[in-house]
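Residue strings, one per chain:
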Amino acid sequence: MTPSRPLLPVLPFLFVACVACSAVPQRVVVNDRLPALVAALDARPGPKSFSVYARVESYTDRAVRKGKILLLGRAPASLLLRALSFTDDPLTTFRTDGVEFSYWDRQGGTCLRGDLCPRNLQRFLPLPPQTLLALFSGGWPLPEHCRSTATLWREGDQLLLTCPYPDGRALQKVWLDEGTLLPSRMSGLDANGKRWSVELGQWKGDEGQAPHPQRIRSRSSGGELLMEIRQYQADPQLTEDAFVPACPDGIQPTAMECE
């Protein structure tokens, strides 16, 4: 008969495993706090428009690119994103007035135009337009349907808001500081299966300005984008045609159909 093996040597390993398990924050539903959170966000003042100047690094399997980005936004849905070289020469320009968009690429010599739809937008923007607009307007993105479908959790010293998209196939998550209700990171999965995530650095609130992130990291299957915010201005004077979709003179636009 084979003698039984002693259990005592196994105990230290069990203890270590239990210590590791106990370090994982417990997640508790706190949906009773959701109405107050939404009310606080609605009451938070923010600029109607903004201007952002950032250093950017882009990493893909093919290349590493470094340059600058000029980002202009105006509520409710207008956005301009222009990639610049280190000598401030325009490389690409994306414009949307909330209905249509245009995208010009100097290297390819092409200009695309089309209606807004998720599949079109994910080709040209690191994050959804409403996410970019919200991040630099003193808040964080809370889609309208989330007010009735979101679940709020307490996870350690943070709050976690999970929100399914209307089609039920995608999900957005936002982690917030419980005291300030400012986001620390967020992630999303769109209806086309594209995943994105953002890590927000320290939020800066200059006198007379809305809080805004200083560092944004976006990851997807296509690569990684890192933005370091260098200049931020709330409610700048913007021309009326800044967000009108347009192609440079002499370039015939190519239509981009929604799929």
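Residues numbered from 1 in each chain as written. Predicted model: local features only at pLDDT ≥ 70, side-chain atom pairs only at ≥ 80, totals over all residues. Heavy atoms only, no water.

Enquirer: Explain the state of the cysteines to me, please; I cannot follow it from the model alone.
Expert: In protein chemistry, a disulfide is the covalent bond that joins the sulfur atoms of two cysteines. If you walk through the whole model with that rule in mind, you get two disulfides. The partner cysteine of C111 in its disulfide is C247, sulfur to sulfur 2.0 Å. Because the sign of the S-S torsion sets the handedness, a value of about -85 degrees for the bond joining C111 and C247 places this disulfide among the left-handed ones. Note that C111 is positioned in strand β7 (residues 110–115) and C247 in the loop between β16 (223–234) and β17 (254–256), a separation of 136 residues in sequence. On the basis of relative accessible area, C111 is assigned to the buried category, the value being 1%. For C146, the disulfide goes to C163, at an S-S distance of 1.8 Å. Across the S-S bond linking C146 and C163, the dihedral sits near -90 degrees, which makes this disulfide left-handed. Pair noted here: C146 is in helix α5 (residues 146–149) and C163 is in strand β9 (residues 158–164), with a separation of 17 residues, a long-range link. Numbered by order of appearance in the sequence, the disulfide-linked cysteines of the protein chain pair as 1-4, 2-3. (Disulfide = S-S within 2.5 Å. Helix = DSSP H or I, 4+ residues; strand = E, 2+ residues; numbered from the N terminus. Buried < 20%, exposed > 50% of the residue type's maximum accessible area, 1.4 Å probe, protein only.)

Enquirer: Would you take a moment to explain the nonpolar core for this structure?
Expert: Nonpolar side chains in soluble globular proteins tend to end up buried together. With 52 residues, the main nonpolar core has F136 and L161 as its most contacted residues. In terms of residues, this core owes the most to one element, β16, which gives five residues. When residues no more than four places from it in sequence are discounted, the contact partners of F136 are P47, F50, V52, L71, H212, P213, I216, I229 and Y232. Ranked by size, the runner-up nonpolar core spans five residues in total, among them L80, L238, A242 and F243. (Core = buried A, V, L, I, M, F, W, Y, C linked by side-chain atoms within 4.5 Å. Contact = heavy atoms within 4.5 Å.)

Enquirer: Sorry, what's going on with helix α2 (residues 34–43) here?
Expert: Since one α-helical turn is 3.6 residues long, residues separated by three or four positions face the same way. Among all positions in α2, only L34, L37, V38 and L41 are buried. Axial view of α2: buried residues confined to an arc of 95 degrees, hence all on one face. Facing away from the buried side of α2 by more than 90 degrees, the exposed set consists of P35, A36 and A43. Looking at the packing, one finds that the buried side of α2 touches α5, β8 (151–155) and β9. (Arc of directions from axis to C-beta.)

Enquirer: What am I meant to see in the packing of aromatic side chains here?
Expert: To describe a pair of aromatic rings, you give the distance between the ring centres and the angle between the ring planes. Applying the stated criterion across every chain yields a total of three aromatic pairs. Judged by centre distance (6.3 Å) and plane angle (25 degrees), the rings of F136 and Y232 are stacked. Taken as a pair, F136 in the loop between α4 (129–135) and α5 and Y232 in strand β16 lie far apart in primary sequence, 96 residues in all. What makes Y232 buried here is its relative accessible area of 11%. Joined through ring pairs, the aromatic side chains of F50, F136 and Y232 make up one cluster. Over the aromatic face of W175 sits the side chain of R185, whose NZ or CZ is 3.8 Å from the ring centroid. (Phe/Tyr/Trp six-rings, centres within 6.5 Å; stacked < 30°, edge-to-face > 60°. Lys NZ or Arg CZ within 6 Å of the ring centre and 35° of its normal.)

Enquirer: What is the right way to read the side chain of E155 from this model?
Expert: The topology assignment puts E155 in strand β8. Side-chain polar atoms of E155 contact the side chain of R27, separated by 2.7 Å. (Polar contact = N/O pair within 3.5 Å; in protein donor to acceptor, adjacent residues only side chain to side chain.)

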